Amino acid sequence: MKILQKKICLLGDFGVGKTSLVARFVNNEYSEKYLTTVGVKMDTKLIAVNDELSIKLIIWDIAGENSLKKISQTYLRGAAGFLLVIDGTRMNTLDGALDMKRGIRELLGDIPFVVLLNKYDLTTQWELTAAHIERLNTPQEQLFFTSAKSGEQVEAAFNALSYVLTL
Amino acid sequence: MAAHLTEKTADTIEQDNAAFDMLIEQKRYQMLKTLLLKEEEQRLGQLESYFNNPDAHAEKIAQVLPQALQQTDTTALHGALSDTVQSCIIESIQENPVLYADALYPVIFPAIKKSIAEALKQMMQSLNQAIEQGFSLHRFAWHYEAWRSGLPYREVVLRHTLAYRVEQAFLIHRETGLLLHHVSLEDVDAQRDGDAVSAMLTAIQDFTKDSFAVNSDDYLDMIEIGEYTVFLSRGSYAVLACVIQGIAPYSLREKFDVILHDIHQQYGALLKNFAGDSAPLAVTEPDLQACLLAERKQLDKTEFSPKYILVPLMVLCAMLAYWGYDNWQFEQRAADYVRLLQHNQSIVITQQNYHSGQLLINGLYDPLSEHPDTLIAQSRLQADEIQSHWQAYQSLAPVFVEQRLKQLLQPPPTVSLTLENNRLVITGIADDAWINKLAIITPAIAGVSGVDSDKLQSYQQQIEILNTQIKNIAVYFMSSSTELTEDQAQKLADLVAALQQIQALSHSINKTPHLLITGQADVTGTLEKNSVLAQKRAAIVLEYLQQHGVFIDTNVKAQLGQLNKEGTTQRKVSFAVLFN
Ligand SMILES: Nc1nc2c(ncn2[C@@H]2O[C@H](COP(=O)(O)OP(=O)(O)O)[C@@H](O)[C@H]2O)c(=O)[nH]1
Ligand SMILES: [Mg+2]
């Protein structure tokens, strides 16, 4: 059995739920408590692709900064893919995400990514409309409405990225 | 005479003839030569004049010199030139030393800086060792430590007599921070995931480099955590991180550098082409094992002699006495201040003690009276001799508590608040925003021990419950099919009912619901095919809903399938409601 290691990064504004998403995906945990990520936090998770191949994701959760400029760009070096996280209840996190996406494209080129529209459990506070989402200019298949709280679509999003990383 | 002549001539003539013949031969040869080699001769002449003209000669040599130097045997060339070059340089430096100093500064300065730094580090380390080992009281200290910690004496001794041991070695890919290979001592439980540690070490290096490094080739090369030291060596493709317990001698670092260099020499191609598969790098195991070194301490056997400690002891006593007196005086003044505070009825002192010449004091005060810190002025203490932490507190009588609650929470008219045995009971219907505020503010209100909000309902809650039901509905499809079968279509009746309820409720919160329909396919086949399938499935369900009286704004999206999941659970369409 072969194991491929892949470094992936979570990007998104402060408080969009990056750390919570990783905690949900890796340990199936959720806590309301907001723990500020200092610098960068790593986790790993093994995903079986088939009988011969597994992917080991090395997940870099980068401190909640509001722009790519402030994020130490060296943290992104060598990433095979990334998850762009947007807080669906805060419209302004979309602009942050757009900036970061542009930035990372310049830095790392055309690497695979998925977009997570997070806090999807907060239905009635949801602000993002289809028109907003269109601005992301991302194929629908790469968009996920996630909730770190309920866990919905979290695995699906990480999993879909892993899938693309095997292609 | 004639005879004589004749006689004589016969000989001479023969000789003469021979000489003549030769002359003729020579002439002929000369002519032949001129005839045949005229051109060559001219050219030789030119060459000769060229060689005799230094200017022309130099010009030609200048043209071929670089090429000639490239082709010469370098060692021979070095041998031939070194003396000359040496004396040239010496002469030239003597003539103008400043010029050379300027030119060499960027090279030499960092080197000097580095070598001084390393020398200092080495000195510090040996100094530390000397101090540590110079004391012979350790046996006594170890017994005490063993008694205090409950560890076996033997273990304590082992820990102290082991100068250092390298417990783990990580070989890390420089570009990605991915772990290439990892070894550790048998008795070390590498509690943390080596991959995460590897990534973390890389991030720490990046972080320190970004934050502190002045020059682009300054790198973090050592991390100290408690009794552990991590040495980091850096190669072009990989970083070697060795975790050392104890006092890590600086010489270890050179050993690690050499090992990493060897790894690069042997497996350079593997390192360079690394794309996530670390299995082939298990070949570095022996090299990494070679990093796991250990050394015992040299223990000082000489007995403890009191005369060495007598003088320092006396000095120490004098210092203690002075410090004690000073301290006593300070405590008197502090006690006065505390009495002053206690005298004031709005102040409650919850904690007080002294620490390094400061009075640390915690307590409560009523914001209606003066702040306790303003009383310092009336005491004999200086403000910098006090570290205080005061918290406001409020009266806990139920009437006040209820009043404060109403003031803070501002309940909507549809809600009533009552206090029962210190518990806040809330009944009625409210907006979500208000309920959230309730959860944040209430626990902070003094005199409320808990909240009963079971009888409190929110429109949003009811909507969320319906939405959860909706999210749990999914219709499934056969492989590669977009046909909505009879039994699957039946599930959509529940969906239609829930959507109608949500529409009714959403009026109360002044929001418009939107339906999101997500189509999905499994991962067998191409991305393109699956993407189209997912789209079509969602579209077919939308058509069905519209035919059955659902008139909510709808967005349709497709979604990628997932790895390692049953196909049957993935070929589906699912739903959710959003508001704007
Ligand atoms: N309701 C809800 N809250 C979330 C969700 N994800 C994160 N949060 C909360 O949002 C806050 C910020 O989350 P965090 O993961 O620390 O954000 P980060 O700064 O992006 O890492 C925390 O208080 C989380 O509890 C979610 O899916 N739903
Ligand atoms: Mg975080």
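Heads up: these notes are all about the structure in this document. In this text, all values refer to a predicted model and were calculated from it rather than measured experimentally.

### Re the sheet that holds strand S8 (residues 358-365) of chain B
Residue and element names in this part refer to chain B.
Then step 1. Pairing in this open sheet of 3 strands is mixed, and the strands run S7-S8-S9 from one edge to the other. Edge strands, defined here as strands with exactly one partner in the open sheet, are strand S7 (347-355) and strand S9 (386-392). Sheet twist, expressed as the mean angle between neighbouring strand axes with direction ignored, is 10°.
Then step 2. Pairing geometry for S8 and S9, over 7 bridges, is parallel. Its bridge partner being in S9, Leu359 is matched across the sheet by Ile386.

### Description of the packing of aromatic side chains
Residues and elements named next belong to chain A.
Then step 1. Applying the stated criterion across every chain yields a total of 10 aromatic pairs over all chains.
Then step 2. On the basis of an interplanar angle of 10° and a centroid distance of 5.2 Å, the ring pair of Phe82 and Phe113 is categorised as stacked. With Phe82 in strand S4 (residues 81-87) and Phe113 in strand S5 (residues 113-118), this pair connects stretches of sequence that are 31 residues apart.
Then step 3. For Phe82, a relative accessible area of 0% puts it in the buried group.
Then step 4. Here the aromatic rings of Tyr120 and Trp126 are separated by 5.3 Å at their centres, their planes lie at 70°, and the arrangement is edge-to-face.
Then step 5. Looking at Tyr120, the relative accessible area reads 4%, which means it is buried.
Then step 6. Residue classification places Trp126 among the buried positions, given a relative accessible area of 2%.

### Examining the site of ligand 1
All names here are of chain A.
Then step 1. Close contacts around ligand 1 come from 19 residues, with Lys18, Thr19, Ser20, Asp121 and Ala148 the closest.
Then step 2. Tyr30 is positioned with one of its side-chain polar atoms (N or O) 3.0 Å from an oxygen atom of ligand 1.
Then step 3. Against a free-state accessible area of 580 Å², the protein chains account for coverage of 91% of ligand 1.
Then step 4. Broken down by element, the shell around ligand 1 gets its largest block of residues, 3 residues, from helix H1 (residues 18-27).
Then step 5. For the shell around ligand 1, the residue count by class is 6 nonpolar, 7 polar and 6 charged.

### Side note on the interface of chain A and chain B
Then step 1. With 47 residues of chain A at the interface, the matching set in chain B holds 53 residues.
Then step 2. For the pair chain A and chain B, the summed buried surface comes to about 4100 Å²; carbon and sulfur atoms form 51% of the total.
Then step 3. Sorting the residues of chain A by area buried against chain B places Gln5, Thr124 and Tyr163 of chain A first, and these three jointly supply 19% of that buried surface.
Then step 4. Counting across the interface, chain A meets chain B through 3 salt bridges.
Then step 5. A salt bridge links Lys471 of chain B to Glu152 of chain A; the shortest N-O distance between them is 3.1 Å.
Then step 6. Going through the elements one at a time, strand S1 (2-11), strand S2 (40-48), strand S3 (53-62), strand S6 (143-145) and helix H4 (154-166) of chain A are the ones with two or more residues in the side of chain A that touches chain B.
Then step 7. Counting residues per element, the side of chain A that touches chain B draws most heavily on H4 of chain A, at 7 residues.
Then step 8. When its residues are assigned to classes, the side of chain A that touches chain B shows 23 nonpolar, 13 polar and 11 charged.

### Observations regarding the pairing of S3 of chain A
All names here are of chain A.
Then step 1. In terms of burial, S3 is a largely internal element, 10 of the 10 residues being buried.
Then step 2. Where burial is concerned, the two faces of S3 agree: the one with Leu53, Ile55, Leu57, Ile59 and Asp61 and the one with Ser54, Lys56, Ile58, Trp60 and Ile62 are both buried.
Then step 3. Looking at chain direction, S1 and S3 are connected through 9 bridges and run parallel. Looking at the pairing, Ile3 lines up with Ser54 of S3.
Then step 4. With 9 bridges joining them, S2 and S3 adopt antiparallel strand pairing. Bridging across to S3, Leu46 finds its partner in Lys56.
Then step 5. Between S2 and S3, which pair antiparallel one after the other, the connecting turn spans 4 residues.

### Some details on the nonpolar core
Then step 1. Counting 62 residues, the largest nonpolar core has Trp60 and Leu117 of chain A together with Leu240 and Phe256 of chain B as its most contacted members.
Then step 2. In terms of residue count, the dominant contributor to this core is helix H8 (residues 251-272) of chain B (7 residues).
Then step 3. The two domains that each donate at least three residues to this core are domain 1 (100-122 + 161-296) and domain 4 (473-579) of chain B.
Then step 4. If we ignore the near neighbours within four places in the chain, the residues touching Leu117 of chain A are Ile86, Trp126, Leu128, Ile133, Leu136, Leu143, Phe144, Phe145 and Thr146 of chain A.
Then step 5. Counting 30 residues, the second largest nonpolar core, distinct from the first, contains Leu10, Val114, Phe144 and Ala157 of chain A.

### As for the environment of Thr166 of chain A
Residue and element names in this part refer to chain A.
Then step 1. Tracing the sequence through the fold places Thr166 in helix H4.
Then step 2. Given a relative accessible area of 29%, Thr166 falls into the partly exposed group.
Then step 3. Linking Thr166 and Lys6, residues 160 residues apart in sequence, is a C-alpha distance of 10.0 Å.
Then step 4. Apart from residues no more than four positions distant in its own chain, Thr166 is found in contact with Val49 and Ile55.
Then step 5. There is a polar contact of 2.6 Å between the side chain of Thr166 and the backbone oxygen of Tyr163.

### Digging into the side chain of Arg333 of chain B
All names here are of chain B.
Then step 1. For Arg333, the position within the fold is in helix H10 (residues 307-343).
Then step 2. In this structure the side chain of Arg333 is engaged in a polar contact, spanning 3.1 Å, whose partner is the side chain of Glu385.
Then step 3. Not counting chain neighbours up to four residues away, the residues in contact with Arg333 comprise Arg380, Leu381 and Glu385.

### Topic: the sheet that holds S6 of chain A
Residues and elements named next belong to chain A.
Then step 1. Taken in spatial order, the 6 strands make up an open sheet running S2-S3-S1-S4-S5-S6, and their pairing is mixed. Two strands close off the open sheet at either side, each with one partner strand: S2 and S6. Averaged over all neighbouring strand pairs, the angle between strand axes comes to 25°, with direction disregarded.
Then step 2. Each of S1, S4 and S5 is contacted by helix H2 (residues 92-108), which is oriented at about 165° to S4, the strand it contacts most.

### Topic: the packing of helix H14 (residues 486-506) of chain B against helix H15 (residues 527-547) of chain B
All names here are of chain B.
Then step 1. Where H14 meets H15, the axes come as close as 11 Å, and the angle between the chain directions of the two elements is 60°. Looking at the two axes, H14 sits oblique to H15. Considering how the two elements wind past one another, H14 and H15 form a crossing that is right-handed. For the pair H14 and H15, the contacting residues are Ala489, Leu492, Leu495 and Val496 in the first and Val541, Tyr544 and Leu545 in the second.
Then step 2. Residue composition of the contact of H14 with H15, by class: 7 nonpolar, no polar and no charged.

### Let's talk about unusual backbone geometry
Then step 1. At Asn28 of chain A, a position not held by glycine, the phi torsion is positive, near 55°.
Then step 2. In this structure, Gln410 of chain B takes a positive phi of about 40° despite not being glycine.
Then step 3. Counting through the fold element by element, Gln410 of chain B comes out in the loop between helix H11 (398-409) and strand S10 (415-420).

Conventions we followed
- Just so you know, the residues in each chain are numbered from 1, in the order the chain's sequence is written.
- Labels follow written order: the first chain is A, the first ligand is 1, and so on.
- Given that this is a predicted model, residues contribute local features only at a pLDDT of at least 70 and side-chain atom pairs are listed and counted only at 80 or more, while totals for whole chains, interfaces and linings are drawn from all residues.
- Water and hydrogen atoms were dropped before computing side-chain values, which therefore reflect all heavy atoms in the structure.
- Pairing between two strands is assigned when DSSP locates at least 2 bridges connecting them.
- Numbering goes from the N terminus for both helices and strands, where a helix is a DSSP run of H or I of at least four residues and a strand is a run of E of at least two.
- Inter-axis angles, ranging from 0 to 180 degrees, are taken between N-to-C directions of lines fitted to C-alpha atoms, where helices are fitted over the stretch in contact.
- Aromatic rings from Phe, Tyr and Trp, taking only the six-membered ring of Trp, are treated as a pair when their centres fall within 6.5 Å; an angle between ring planes under 30 degrees marks them as stacked, one over 60 as edge-to-face, and anything in between as tilted.
- Using a 1.4 Å probe on the protein chains alone, a residue whose accessible area is under 20% of its type maximum counts as buried, one over 50% counts as exposed, and one in between counts as partly exposed.
- Any residue with at least one heavy atom within 4 Å of a molecule or strand is counted as near it.
- Pairs of N or O atoms are called polar contacts if they sit within 3.5 Å, as long as, within protein, a hydrogen donor faces a hydrogen acceptor (for residues adjacent in sequence, only side-chain-to-side-chain pairs).
- For the accessible areas, the method is Shrake-Rupley and the probe is 1.4 Å, while residue cover comes only from the protein chains on display.
- Polarity classes work like this: nonpolar for Ala, Val, Leu, Ile, Met, Phe, Trp, Tyr, Cys and Pro, charged for Asp, Glu, Lys and Arg, and polar for all others, with Gly in that last group.
- Every residue pair with non-hydrogen atoms within 4.5 Å of one another is taken to be in contact.
- Computed with a 1.4 Å rolling probe, the buried area is the accessible surface lost when two parts are put together, summed over both parts.
- Here, a salt bridge means any side-chain nitrogen of Lys or Arg that lies within 4 Å of a carboxyl oxygen of Asp or Glu.
- The term nonpolar core refers to a set of buried residues drawn from Ala, Val, Leu, Ile, Met, Phe, Trp, Tyr and Cys, joined through side-chain atoms within 4.5 Å.
- The domain limits used here are those given by an automatic or database domain assignment.
- Oblique is the label for any angle not under 35 degrees, not over 145, and not in the 65 to 115 range, which are roughly parallel, roughly antiparallel and roughly perpendicular in turn.
- Should the near helix be turned counterclockwise from the far one by less than a right angle, the crossing is left-handed, whereas a clockwise turn marks it as right-handed.

Everything listed here is a matter of coordinates, which is why it stays silent on function.
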